[in-house]
Amino acid sequence: MTEAPVIGVLALQGDVREHLTALAAAGAAAGPVRRPEELAEVDGLVIPGGESTTISKLAVLFGLMEPLRARVRDGMPVYGTCAGMIMLAGKILDPRSGQETVGGIDMIVRRNAFGRQNESFEAAVDVRGVEGGPVEGVFIRAPWVESVGAGAEVLAVHGGHIVAVRQGDTLATSFHPELTGDHRVHGLFVDMVRAYRAAESL
């Protein structure tokens, strides 16, 4: 299977365009996902940064929450950045009223843990599985992971806090690699999707 994997970006709210650009640069055929029928056509999905409560409520409103949960349970690769990390958590500390998650990673996440918008920052982050030295992490009202279960692998830590996690074919980062022009983290995810497709075709 040599053709580019088809990877969607959940396009309900957040920095969708930047992820589409990064995925294309990393070798994927990328497109927005707003409806269940579009979700059914992709090999993998990115849940972007934005506002996690808004994304959660819109996913329910658009009829996407249960199909998302079903595809994650079935093993579809998913990558969540910032708010997307929160969406992939098994549990959120101090969730907003009505906030739901897709799940997929056995982790407990704290919302806005690194501070408010005006406390945003960039930092070099060593990410396990990404070659070529540290990636530049952009942290914007970013969460961190308080703890992970036995099935989750910690890929990166910053300031003593977990900022990147993988469990099977589900990947999450506190930071926004799509904003830096460095597409190596997206490349890691595209490779995960390629491996998933190859295994599915056997």
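Residues numbered from 1 in each chain as written. Predicted model: local features only at pLDDT ≥ 70, side-chain atom pairs only at ≥ 80, totals over all residues. Heavy atoms only, no water.

A. Geometry of the nonpolar core. The biggest cluster of nonpolar side chains holds 31 residues, and the ones touching the most others in it are Leu39 and Met107. Elements with a contribution of two residues or more to this core: strand 3 (44-47), helix 3 (52-61), helix 4 (65-73), helix 5 (83-87), strand 5 (89-93), strand 6 (105-110) and strand 11 (161-167). For this core, the leading source of residues is helix 5, giving four residues. Setting aside residues no more than four positions away along its own chain, Leu39 makes contact with Val33, Leu45, Leu64, Pro67, Leu68, Arg71 and Met76. Core analysis: the next-biggest nonpolar cluster, separate from the first, contains 30 residues, Val163, Ala164, Leu188 and Phe189 among them. (Core = buried A, V, L, I, M, F, W, Y, C linked by side-chain atoms within 4.5 Å. Buried < 20%, exposed > 50% of the residue type's maximum accessible area, 1.4 Å probe, protein only. Helix = DSSP H or I, 4+ residues; strand = E, 2+ residues; numbered from the N terminus. Contact = heavy atoms within 4.5 Å.)

B. Molecular detail of helix 4. Every buried residue of helix 4 is listed here: Met65, Leu68, Arg69 and Val72. Down the axis, helix 4 shows its buried residues gathered within 95° of arc, on one side only. At its buried positions, helix 4 is contacted by strand 1 (6-10), helix 2 (36-39), strand 3, helix 3, strand 4 (78-81) and helix 5. Among the residues trailing helix 4, Gly75 stands out with phi positive, at a value near 105°. (Arc of directions from axis to C-beta.)

C. Fine view of the UniProt feature "binding site: L-glutamine" (unreviewed entry) in the chain. Mapped onto the present numbering, the UniProt feature "binding site: L-glutamine" (unreviewed entry) falls at Gly50, Glu51, Ser52, Arg111, Ile140 and Arg141. Look at the named residues: they lie 92 residues apart in sequence, but the longest C-alpha span between them is just 12.7 Å, so in the fold they bunch up. With respect to the helices, strands and loops of the structure, Glu51 is situated in the loop between strand 3 and helix 3. What makes Glu51 buried here is its relative accessible area of 16%. (UniProt positions renumbered as here; feature names shortened; annotations may be inferred.)

D. Main features of the UniProt feature "active site" (unreviewed entry) in the chain. UniProt records the feature "active site" (unreviewed entry) for Cys82, His176 and Glu178 in the present numbering. The annotated residues occupy 97 residues of the chain but converge on a single region, no pair of C-alpha atoms lying more than 11.2 Å apart. For Cys82, the position within the fold is in the loop between strand 4 and helix 5. Take Cys82: its relative accessible area is 4%, and that puts it in the buried class. Ignoring anything within four residues of it in the chain, the contact list for Cys82 reads Gly49, Ile140, Arg141, Ala142, Pro143, Thr173, Ser174, Phe175 and His176. Mapped onto the elements, His176 comes out in the loop between strand 12 (170-173) and helix 6 (184-200). By relative accessible area, His176 is classed as buried at 5%.

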